[in-house]
Amino acid sequence: MSELTTPELIGALQRLQQNLSRVIQTQPHNLKLLLVTLLCRGHLLLEDAPGLGKTTLARALAQSLQLRMKRLQCTPDLMPSDITGISVYNSEEHKFHFMPGPVFSNVLLADEINRATPRTQSALLEAMAEGTVTADRKTYQLPNPFMVLATQNPVEFSGTYPLPEAQLDRFFMRISLGYPDEQQEVAMLLAQQSGHPLDKLQAVMTEQQLLALQAMVEKVTLNEAMVRYISQLVRATREHKQVRLGASPRGSLALMRAARAMAILSGKKTVTPEFVRPLLEPVLAHRLIFRDAMLQQPAARAEFWQQIIASVAVPDFPAAVAGKAAG
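Computed from a predicted structure; not experimentally measured.

Trainee: Is there a simple way to explain the packing of helix α2 (residues 28-39) against helix α3 (residues 54-65) in this structure?
Mentor: Between two packed helices, both the angle of their axes relative to each other and the distance between the axes serve to describe the pair. Between α2 and α3, the least distance of the axes is 13 Å, while the angle of their chain directions is 55°. Overall, the two elements α2 and α3 adopt an arrangement that is oblique. The hand of the α2/α3 crossing is right-handed. Judged by residue contacts, Leu31, Leu34 and Leu38 of α2 engage Leu57, Leu61 and Leu65 from α3.

Trainee: What am I meant to see in the pattern of salt bridges here?
Mentor: Side chains that carry opposite charge are capable of pairing whenever their charged atoms lie near each other. On inspection of all chains with the given rule, the structure shows ten salt bridges. For the salt bridge of Arg115 with Glu112, the shortest nitrogen-to-oxygen distance reads 3.2 Å. The class for Arg115 is buried, based on a relative accessible area of 16%. A relative accessible area of 26% places Glu112 in the partly exposed class.

Trainee: Where do I start with unusual backbone geometry in this structure?
Mentor: What you tend to see is this: most non-glycine residues have negative phi, and most peptide bonds are trans. Cis geometry marks the peptide bond from Asn144 to Pro145; its omega dihedral reads 10°. In this fold, Pro145 is placed in the loop between β7 (138-141) and β8 (147-152). Backbone geometry places Arg41, a non-glycine residue, at a positive phi of 60°. Its identity is not glycine, yet His94 carries a phi of approximately 55°, on the positive side. Along the chain, His94 falls in the loop between β3 (85-90) and β4 (95-100).

Trainee: Just checking my understanding: could you explain the pairing of β8 for this structure?
Mentor: Side chains on a regular strand alternate between the two faces of the sheet. Summarising burial for β8: six of the six residues are buried, a large majority. Alternating positions in β8 separate into two faces, Met147, Leu149 and Thr151 on one and Val148, Ala150 and Gln152 on the other, with burial throughout. Bridge count for strand β1 (residues 44-47) against β8 is four bridges, and the pairing is parallel. Across the sheet, residue Leu45 finds its bridge partner in β8, namely Ala150. In terms of strand pairing, strand β5 (residues 107-111) meets β8 through four bridges, oriented parallel. The partner of Val107 across the bridge, within β8, is Met147.

Trainee: Looking at this structure, I do not really get the packing of α2 against helix α11 (residues 249-265). What am I missing?
Mentor: For the pair α2 and α11, interaxial distance at closest approach is 9 Å and the crossing angle is 120°. Between α2 and α11, the angle falls in the class oblique. Viewed along their axes, α2 and α11 form a crossing whose handedness is right-handed. Packed against α2, whose contacting residues are His29, Lys32, Leu33, Leu35, Val36 and Leu39, the element α11 presents Ala258, Ala261, Met262 and Leu265 at the interface. The residue makeup of the contact of α2 with α11, split by class, is eight nonpolar, one polar and one charged.

Trainee: What is the right way to look at the pairing of β4 in this model?
Mentor: Bridge count for β3 against β4 is six bridges, and the pairing is antiparallel. When the bridges of β4 are listed, Ile86 appears paired with Met99. The turn linking β3 back onto β4 is made up of four residues, and His94 within it adopts a positive phi angle of 55°.

Calculation notes
- Residues numbered from 1 in each chain as written.
- Predicted model: local features only at pLDDT ≥ 70, side-chain atom pairs only at ≥ 80, totals over all residues.
- Heavy atoms only, no water.
- Axes fitted to C-alpha atoms, helices over the stretch in contact; angles between N-to-C directions.
- Helix = DSSP H or I, 4+ residues; strand = E, 2+ residues; numbered from the N terminus.
- Parallel < 35°, antiparallel > 145°, perpendicular 65-115°, else oblique.
- Left-handed = near helix turned anticlockwise from the far one by under 90°.
- Contact = heavy atoms within 4.5 Å.
- Salt bridge = Lys/Arg side-chain N within 4 Å of Asp/Glu carboxyl O.
- Buried < 20%, exposed > 50% of the residue type's maximum accessible area, 1.4 Å probe, protein only.
- Pairing = 2+ DSSP bridges.
- Nonpolar A, V, L, I, M, F, W, Y, C, P; charged D, E, K, R; others polar.

Okay, here's the thing in structure tokens:
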């Protein structure tokens, strides 16, 4: 098969974004963040009230990419083996056979993940970090690509088990779709008068194209000045007086990869500070523990991020680099 060209890949990426926007009425930036997570082989935590399209978004992504999707409804009685799989004894062969669980898919939707017990939540740790599952002393490789889309309700706490910091750190981003504006809600109502847009959604990208795009992210130029800028922003979260636990080095790596993917989505070849700043909240916020409880609310964190940005000097970019970025 001939090598995929860059224009072909960018075209497929644009069609994917358009496909998702036909089904989900939300701010375009939210869809960009989803695609950034996808391109970076990351996992996404959707924190929203019920009925805002979280499950629909996961289904639309899987359909658009021709990928296998499994839905996991998290409840307190869910067991780790319900996620990873179980060994079943075959009396004819006199041996056990491993029966893969729903985690063996390309897109796993873990609905209301905070309703599962900590023991069950931890069953996803190895899958999210290593792309493998260990059961009965054997390690099994998960499909590639593999992505976890987890949802949780941020305002309902009865019968829930908050995700521990180690689990939150495994998520590449945390975003909230939020309520649609009036125009978006009217468009949604009109689109669903005779069926759901998901029923007519066509695949617009192949698995080969997705893997090629994920490889392309790693080739985006990132000079030393930008690396230092990203490092200093993350370190600033560890030194801020309102933060008890700052972002980990995993957060630094995630921010760097996200900035490279955002450059591709913006049609650029070089990462500049403009790509990094809007990513601070979705990439880093869920990795922080704040001293002030008010900062647990997204709306209250805007000033915090402005303080972080203001505390770090913006690197200078020579004209030559700026020219490359526009190419």
